[in-house]
Amino acid sequence: MCRIALWSHYAGSGDAVRFVRVGTLDEPDRLPPDIHIFTSSKQPWVVLPPQTPAVSEFYRLADHWPKESLARWAAVRAAKPVS
């Protein structure tokens with residue numbers, strides 16, 4: 001039996017935010033990455049497109065996210081969990 005995670009929690013959000021893993025979609029090519037992270041551990045034969053930002057580890061959200069996304073993230077973090 002092969003097991004693949006279909007979704008994950010976003011780090012720092014607890015149960016408040018979940019995201020679908022793009023590789024599990026029928027057409028993952030329709031959603032290319034906005035940024036490549038942890039590239040310091042990529043294999044040398046992996047060639048990243050020059051038009052997409054790439055960072056060696058993680059990054060400061062404010063350096064790469066649009067203001068609207070940062071505002072939504074702040075709202076999620078400020079919301080109290082539903083019990």
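Up top is the structure these notes are about.
Residues numbered from 1 in each chain as written. Predicted model: local features only at pLDDT ≥ 70, side-chain atom pairs only at ≥ 80, totals over all residues. Heavy atoms only, no water.

1. Here we look at the overall build of the chain
Thinking step 1. Within the chain, the regular secondary structure consists of two helices and two strands.
Thinking step 2. The helix and strand sequence of the chain, counted from the amino end, reads β-β-α-α.
Thinking step 3. Expected size for 83 residues packed as a compact globule is a radius of gyration near 12 Å; at 15 Å, the chain overshoots this value by more than 25%.
Thinking step 4. In terms of its C-alpha atoms, the chain occupies a principal-axis envelope of roughly 45 × 40 × 25 Å.
Thinking step 5. Counting over 83 residues, the chain shows a buried share of 14%.
Thinking step 6. Pairs at least 24 residues apart make up 19% of the contacts formed inside the chain by residues separated by at least 6 positions.
Thinking step 7. A total accessible area of about 7,300 Å² is found for the chain, and carbon and sulfur atoms account for 58% of it. (Helix = DSSP H or I, 4+ residues; strand = E, 2+ residues; numbered from the N terminus. Rg over C-alpha atoms; globule rule 2.2 N^0.38 Å. Buried < 20%, exposed > 50% of the residue type's maximum accessible area, 1.4 Å probe, protein only. Contact = heavy atoms within 4.5 Å. Areas by Shrake-Rupley, 256 points an atom, 1.4 Å probe, with all protein chains shown as cover.)

2. A short note on the packing of aromatic side chains
Thinking step 1. A full pass over the atoms with the stated rule returns three aromatic pairs.
Thinking step 2. Judged by centre distance (4.5 Å) and plane angle (25°), the rings of Phe 58 and Tyr 59 are stacked.
Thinking step 3. For Phe 58, a relative accessible area of 43% gives the class partly exposed.
Thinking step 4. Judged by centre distance (6.1 Å) and plane angle (80°), the rings of Trp 65 and Trp 73 are edge-to-face. (Phe/Tyr/Trp six-rings, centres within 6.5 Å; stacked < 30°, edge-to-face > 60°.)

3. Observations concerning the side chain of Thr 39
Thinking step 1. Along the chain, Thr 39 falls in the loop between strand 2 (18–20) and helix 1 (61–64).
Thinking step 2. Among the polar contacts listed, one links the side chain of Thr 39 to the backbone oxygen of Val 55, at a separation of 2.8 Å.
Thinking step 3. With residues near it in sequence (within four places) discarded, Thr 39 still touches Leu 48, Ala 54, Val 55 and Ser 56. (Polar contact = N/O pair within 3.5 Å; in protein donor to acceptor, adjacent residues only side chain to side chain.)

4. A closer look at unusual backbone geometry
Thinking step 1. Positive phi, close to 55°, is recorded for Phe 38, a residue that is not glycine.
Thinking step 2. On the secondary structure map, Phe 38 appears in the loop between strand 2 and helix 1.
Thinking step 3. The exposure class of Phe 38 is partly exposed, given its relative accessible area of 42%.

5. Concerning a nonpolar patch on the surface
Thinking step 1. A grouping of Ile 4, Leu 6, Trp 7, Val 20, Val 22, Leu 25 and Leu 31 is seen on the molecular surface, where their side chains present a nonpolar patch of about 670 Å² in accessible area.
Thinking step 2. On the secondary structure map, Val 22 appears in the loop between strand 2 and helix 1. (Patch = residues over 30% accessible without salt bridge, like charges linked within 9 Å, V, L, I, M, F, W, Y side chains within 5 Å. Salt bridge = Lys/Arg side-chain N within 4 Å of Asp/Glu carboxyl O.)

6. What about the side chain of Thr 52?
Thinking step 1. Tracing the backbone shows Thr 52 in the loop between strand 2 and helix 1.
Thinking step 2. When neighbours within four sequence positions are excluded, Thr 52 is seen to be in contact with Pro 33, Asp 34, Ile 35 and His 36.

7. A look at the nonpolar core
Thinking step 1. Judged by nonpolar contacts, Val 17, Ile 35, Val 55, Tyr 59, Leu 61 and Trp 73 together constitute the single largest core of six residues.
Thinking step 2. Residues contacting Val 55, with those up to four places away along its chain left out, are Ile 35, His 36, Ile 37, Phe 38, Thr 39 and His 64. (Core = buried A, V, L, I, M, F, W, Y, C linked by side-chain atoms within 4.5 Å.)

8. Looking at the environment of Asp 34
Thinking step 1. When you line up the elements, Asp 34 lands in the loop between strand 2 and helix 1.
Thinking step 2. For Asp 34, a relative accessible area of 69% puts it in the exposed group.
Thinking step 3. Separated by 10 residues in the primary sequence, Asp 34 and Thr 24 have C-alpha atoms spaced 17 Å apart.

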